[in-house]
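# An overview of the molecular structure
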Amino acid sequence: MQLVIVESPAKAKTIEKYLGKDYRVLASYGHVRDLPARDGSVDPDDGFAMQWEAYADKGKQLKAITDLAKTADRLILATDPDREGEAISWHVQEVLRLKKALPAEVERVTFNAITKPAILHAMQHPRELDTDLIDAYRARRALDYLVGFTLSPVLWRKLPGAKSAGRVQSVALRLIVEREREIEGFRPQEYWSVTAEMEQDGTGFQARMVKYKGDKIDRLSIGDGKTAEAAKAAVEQGRFSVVSVETKPAMRNPPPPFTTSTLQQEAARKLGFSASHTMRIAQGLYEDGAITYMRTDGVQMDGDAIQQARKAVVNRYDGHYVPEKPRQYTAKAKNAQEAHEAIRPTDFGRDNYGGGDHARLYELIWKRALASQMASARMERTSIDLEDATGQHGLRATGQVVLFPGYLALYEEGRDDEGDEESRRLPKLSEGATPAKKAVNAEQHFTQPPPRFSEASLVKRLEELGIGRPSTYASIIQVLKDRTYVRVEKNRFFAEESGRLLTAFLERFFERYVNYDFTAGLEEELDEVSGGRAEWQAVLEAFWKDFKPRTADVMEQKPSEITAALDQFLAPYLFPPNADGGDPRLCPNCGEGQLALRGGRFGAFVACSNYPDCKYTRRFAQPGGEGSEDTGPQVLGVDPETGLNVERKSGRFGPYIQLGEEKDAKRASIPKDVELDLEMALKLLSLPRTVGNHPESGNPITASIGRYGPYLAHDGKYARLASTIEVFETGMNAAVVKLAEAAANGGRPARGAAREPLKILGKHPRTEAEIKLMEGRYGAYVTDGETNATLPKSIDRDQLTLEEAAQLIDARAAAGPAKGKGKKKAALKKKAPAKAAAKKK
């Protein structure tokens, strides 16, 4: 018997189908062991020796593998054809060696596609484990462990609110934070454009002003409305004729097939997929045998696949759409990983596969790969210059005509920044022609700040800088979201306060380790290890000898010293110069104290030096913006019963009201659906409210506001209320009905009763179904009418975005029905009574 080990059960099932009866295929379910999350797992003083530990949830699977390995004649390690796949195979081999269950013959096979020919070919060409790849894996794993376990304790003790930092994730976060700073520091510049709506032989076109009073002008030349109106008048009064027509042929070549990075970018642009969702769907397509391996930096395709693609093009179009010679592509990335094929369909004759998101991603991959072997598009670009009789004022019109579409007939690559001024069609014009002038427009514009990163543009920038590896980008981005260092709104990344503070801390105290060139250089060193050109322990030693002393030095500093250093480092951002030249640190509340950065239990903030006399504060990430300040407790009035002040305060979990001081103080959160004044504050402080005694039990019914919103309570049973106002206005009859409905439906509204959504988030970006945020029996969830997805505790319902909700629904739909659902249990047969059974017998 021959034992084959792969990562996933889906892959195992497919491969076992292709092999004979002598083979057994088992899945490891990914990595079987890792470095335990405790100090000492990597020992720099002992040659960076690593203490590996099997995952607790892999015991059953490891036992199954071990039991079969003991009886197997040969072990075939058939995990994915990359560094991580090599590492999984190595871990399995080492576990079996320790258990003395390793067969005498151990071989490694790799294949780029899960198809029968690829599997059988791989089995006929086994090799040994690649020690260089394993060393590269160990180096990366040790490096990430050492950075995390050495730096994180520094953060916990010196930077309140910080959760963790990583070798690559911190650099990715810095990109997002720096873009945020660029946007905030951007000063828009006014400019005007003057355009003329022209027409020739019934065809309209637009021409923009490029010369005014004999001088050439560019986009920013006309900077005010007065000049723009004068230029507009000059165009209106002039009679413009064509002085030159320049036509140039142009060619557009197709892009290469997808790599991991370009697939993530294009799926984000065209399908609205996150990087993690793209990789999850691509993994499924690969395991189904529909596409080749999806973690790759390679852009080349197998020769047989190229011929198959060229044949598919001829069948779909005609011979004109195929270039004379097959196209060969070369990877441009300076840090291209192990040489793999590009991502492509395993069968070019199949133009669709699966359903839902699987079908959409497959179609994108199929089109891109097929287009890569199609003919170039031929175009004609035309530029027409017009001048008035004086020659002092000039207009220009540009356009483009597609003479032969070539690959554009099938596929056109998306772009992050849309806009093509040359895509307009122009009428046939010759020198001396005087097209009719229909209208002249002068429009005001302002320069725009650089756009925030989307997942596509962030992945593209990381790849350009040589930071990280495309196969890790999805997990890097997910960590930033999970740590709440960033949030995503309308598919764009916004840096949160915690992320900005962490980046500032790392830039000030660990600048080298978040430097783009240093991080890219370290990646290149690790690639040298993969290629067998560098020794992994030497790379670690070179990093560790500088990093360890630096962390020790920072650990010795007092938190107050850290805060003071950050105050100076962030001064240009926190306290930008005032327009009137005044002191930017002067407290706006008391007019005497100086503002400075302070560290608190829950993070950093800006406060006045005259505290506690002046209680002005503002959040760290809001440098003086409107609504960012907190001048201290606000007295709403006096409670007529106690004579104590009722104050509005701000706390860790938001604003609240307080009556009294110290231990005797009474507090209440401020709901978002009320306008707060003294009367409402006293009502909130008086809760719970007794509605009355239940007519059946005689026990009281109370109304109050809890963790999940307003509710009614009676004898340990609860019913939800729709708003805060209902807490104070619901009468006895309505309360009894609501409690009865809730009791009959497990806390849910009565059958058939309309349940109001907490929020309507919008249309699903991929299915167009309306997504709603609902309150359920076990907490909040999102639904598109067909699929319900519970909101994870890590996501704040108030901060939930449409894309996040869509991803939750997609993930839930892909997971299929929950265990036990969708299957009816067979009815238990009742045993016949003994007497009846005997009589029947």
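Let me sum up the structure you'll find in this document. (Residues numbered from 1 in each chain as written. Predicted model: local features only at pLDDT ≥ 70, side-chain atom pairs only at ≥ 80, totals over all residues. Heavy atoms only, no water.)

### Things to note about the nonpolar core
Within the largest apolar cluster, 157 residues are counted, with the highest numbers of intra-cluster contacts made by I291, L361 and F505. The element contributing the most residues to this core is helix α5 (residues 131-158), with twelve residues. In this view, F505 contacts V154, L155, K158, L159, F510, V554, I562 and L566; residues no more than four positions away in its chain are not counted. (Core = buried A, V, L, I, M, F, W, Y, C linked by side-chain atoms within 4.5 Å. Buried < 20%, exposed > 50% of the residue type's maximum accessible area, 1.4 Å probe, protein only. Helix = DSSP H or I, 4+ residues; strand = E, 2+ residues; numbered from the N terminus. Contact = heavy atoms within 4.5 Å.)

### Here we look at the packing of helix α14 (residues 497-509) against helix α17 (residues 559-569)
At a minimum axis separation of 10 Å, α14 and α17 run at an interaxial angle of 95°. The angle between the axes of α14 and α17 places the two elements in the roughly perpendicular class. Residues L501, A504, F505, E507, R508 and F509 of α14 form the contact with α17, whose own contacting residues are I562, A565, L566 and F569. Class assignment for the residues of the contact of α14 with α17 results in eight nonpolar, no polar and two charged. (Axes fitted to C-alpha atoms, helices over the stretch in contact; angles between N-to-C directions. Parallel < 35°, antiparallel > 145°, perpendicular 65-115°, else oblique. Nonpolar A, V, L, I, M, F, W, Y, C, P; charged D, E, K, R; others polar.)

### Points about the packing of helix α8 (residues 260-271) against helix α11 (residues 356-371)
Between α8 and α11, the shortest axis-to-axis distance is 11 Å and the interhelical angle comes to 120°. Taken together, the axes of α8 and α11 are oblique relative to one another. The two elements α8 and α11 meet at a crossing, and its hand is right-handed. Along its contact with α8, which presents T262, L263, E266, A267, K270 and L271, the element α11 presents R360, L361, L364, I365 and R368. Per-class residue counts for the contact of α8 with α11 are six nonpolar, one polar and four charged. (Left-handed = near helix turned anticlockwise from the far one by under 90°.)

### Observations concerning helix α13 (residues 470-482)
Its 13 residues give α13 an end-to-end C-alpha distance of 19 Å, which sits within 8% of 18 Å, the value for a rise of 1.5 Å per residue. For α13, the set of buried residues is P470, Y473, A474, I476, I477, L480 and K481. Here the buried residues of α13 occupy an arc of 165° about the axis, which is enough to place them on one side. Positive backbone phi, at 55°, marks T484, one or two positions downstream of α13. (Expected span 1.5 Å × (residues − 1). Arc of directions from axis to C-beta.)

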